[in-house]
Amino acid sequence: MDAYLSRIRKGVEALLILTLAGMVLLTFIDVIGRRLFGAPLYGAHDATEHLMAIMVFCGLPLLTAARGHLTVDLFDKWLLRPGWVWWHRLVSALVALVLLLIAYEFLNSAIEAGKIQEISQSLSIPRGGMYGFIAFTSLLSALAALLGCFAAPPSHPVTVQPHDAQERAK
């Protein structure tokens, strides 16, 4: 099972790398075309918009599963004590609920976009599939956050300030 999940993760990471490289190349060609030739690349904005959505939402489940979201360690001195495990589980559950709400809203958007045949402005790319993809990856992220409720609470290495080290040496 771990080997299977590892292959999926590596495949997603490769997709993320290709997506980012595509965005960089697309932006480079667009800027060169605009600055040197006075002709921007047609549809660059639409393509970049879709590539950005793929990159962000494709990486979201990986980031959530690895607990790699931005955190502020201002209160870690208190919150990382064993008695605060309930707090970490509550936060994971709230994150899962928010991600479920995002998935639900994008699923509704995908259905509506399919009904009205919503397309992007210049390249006429149907939006329903992209909204469906975002709903799916948000659901995967919600499941990863929900699994975080049952995982061990996060632990960060305690950094010793120079003043504290001198006090302990006495």
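See the structure above.
So, how was this worked out
- Residues numbered from 1 in each chain as written.
- Predicted model: local features only at pLDDT ≥ 70, side-chain atom pairs only at ≥ 80, totals over all residues.
- Heavy atoms only, no water.
- Phe/Tyr/Trp six-rings, centres within 6.5 Å; stacked < 30°, edge-to-face > 60°.
- Helix = DSSP H or I, 4+ residues; strand = E, 2+ residues; numbered from the N terminus.
- Buried < 20%, exposed > 50% of the residue type's maximum accessible area, 1.4 Å probe, protein only.
- Expected span 1.5 Å × (residues − 1).
- Contact = heavy atoms within 4.5 Å.
- Bend = angle between axes of the 7 residues up to and from the residue.

Novice: What should I look at first to understand the packing of aromatic side chains in this one?
Specialist: Working definition: an aromatic ring pair is given by the centre-to-centre distance plus the angle between the planes. This model, assessed by the stated rule, comprises two aromatic pairs. Centroid distance Phe106 to Tyr131: 6.0 Å. Interplanar angle 50°. Geometry classified as tilted. Of this pair, Phe106 sits in helix H4 (residues 85–116) while Tyr131 sits in helix H5 (residues 128–148), and the two are 25 residues apart along the sequence. Here Phe106 falls in the partly exposed class, since its relative accessible area comes to 23%. Its relative accessible area of 18% is what places Tyr131 among the buried residues.

Novice: Looking at this model, I keep getting lost on H5. Mind explaining?
Specialist: Owing to its 3.6 residues per turn, the α-helix aligns residues three or four sequence positions apart on the same side. In this model H5 runs 30 Å from its N-terminal to its C-terminal C-alpha over 21 residues, within 8% of the 30 Å that 1.5 Å per residue would give. Of the surrounding secondary structure, the elements contacted by the buried residues of H5 are helix H2 (44–65) and H4.

Novice: Is there a simple way to think about H2 in this case?
Specialist: Compared with an ideal rise of 1.5 Å per residue, which puts 22 residues at 32 Å, H2 spans 32 Å between its outermost C-alpha atoms and is within 8% of the ideal. Of all the bends found along H2, the most pronounced is centred on Gly59 and spans about 30°, while Pro61, a proline, follows it within four residues. Each element contacted by the buried residues of H2 is listed here: helix H1 (2–37), H4 and H5. Looking one or two places after H2, you find Arg67, whose phi comes out positive at around 50°.

Purely geometric stuff here, so don't read any function into it on its own.
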